[in-house]
Amino acid sequence: MNEPDVIRLEVDPVRFGQSFVGSEAFSALFQEGMELVEETAAYLDGPGREESRLLQRETSVAYASESMRLTTRLMQIASWLLLQRAVAEGEITPDQAQAEKARVRLNSHETATTLVEYEALPLRLRELIGLATRLHARILHLDRLLLEMAEEPPLAQGPNPVAAQLSMLHQAFAPAG
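Definitions and limits used
- Residues numbered from 1 in each chain as written.
- Predicted model: local features only at pLDDT ≥ 70, side-chain atom pairs only at ≥ 80, totals over all residues.
- Heavy atoms only, no water.
- Helix = DSSP H or I, 4+ residues; strand = E, 2+ residues; numbered from the N terminus.
- Buried < 20%, exposed > 50% of the residue type's maximum accessible area, 1.4 Å probe, protein only.
- Contact = heavy atoms within 4.5 Å.
- Areas by Shrake-Rupley, 256 points an atom, 1.4 Å probe, with all protein chains shown as cover.
- Phe/Tyr/Trp six-rings, centres within 6.5 Å; stacked < 30°, edge-to-face > 60°.
- Core = buried A, V, L, I, M, F, W, Y, C linked by side-chain atoms within 4.5 Å.
- Salt bridge = Lys/Arg side-chain N within 4 Å of Asp/Glu carboxyl O.

Moving on, we get to the overall build of the chain. What the chain contains, in helices and strands, is 9 helices and 0 strands. Shown N-terminal to C-terminal, the secondary structure of the chain runs as helices and strands in the order α-α-α-α-α-α-α-α-α. A buried classification covers 30% of the 177 residues belonging to the chain. Within the chain, counting contacts between residues at least 6 apart in sequence, those at least 24 apart form 83% of the total. Total accessible area on the chain stands at roughly 11,900 Å², and carbon and sulfur atoms take up 57% of it.

All told, the structure shown has 1 aromatic pair when counted by the stated rule. Ring plane angle 45 degrees and centroid distance 6.2 Å describe the contact between phenylalanine 26 and phenylalanine 30, whose orientation is recorded as tilted. Pair noted here: phenylalanine 26 and phenylalanine 30 are both in helix 3 (residues 24–45), with a separation of 4 residues, about one helical turn.

Of all hydrophobic cores here, the largest spans 33 residues; its most connected members are Leu29, Leu70, Leu74, Trp80, Leu81, Leu125 and Ile139. Breaking this core down by element, the ones donating at least two residues are helix 3, helix 5 (57–88) and helix 8 (123–151). It is helix 5 that provides the largest number of residues to this core, a total of 10 residues. Apart from residues lying up to four places away in sequence, leucine 74 is in contact with Leu36, Val37, Thr40 and Ala132.

Before going further, it helps to examine the pattern of salt bridges. Per the stated rule, a full pass over the model turns up 6 salt bridges. Among the ionic pairs, arginine 138 bridges to glutamate 32, the shortest N-O distance being 2.9 Å. Residue arginine 138 is found in helix 8, and its partner glutamate 32 is found in helix 3; the two are separated by 106 residues along the sequence. Under the relative-accessibility criterion, arginine 138 is labelled partly exposed at 39%. Here arginine 49 makes a salt bridge to aspartate 45, at a shortest N to O gap of 3.4 Å. Overall, the relative accessible area of 40% leaves arginine 49 in the partly exposed class. One network of salt bridges, with partners in common, ties together Glu39, Arg124 and Glu127.

This is the structure in structure tokens:
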């Protein structure tokens, strides 16, 4: 075997999406997302319900609106995470996940709540909204990366530039004969 044979790779590079969904980083993200869903549900069904009863009418409407927006965002996050986990575990293919993802809209959610109304909301609700917003932004970024990687055409299998340079070096320093 000569050196150019060793350097030439006959395999495709590992795609980010394939490696990410099977990584520890994805497991941590999945855990974080699911814990946030559980925390939010527990809050909205318990202390949040009690706090909402004590709010003034205008703030109560903002509470209902923001809690619904928060719940929707978290369900979208959970759906995306579950799809990616299914890919990682081989339950579905990345192409199937892309088709299913069309139903999971990870769009941004504009709010009609004013700053004054938002600041009147209970502190824990605002904390949960902030956590969900940051997690949503991270997932949107990852989703864009995964989509870009899926749309990239495969690398052309042209001549290996490193092998060509090594070959030229070998020829330049080979004994004359």
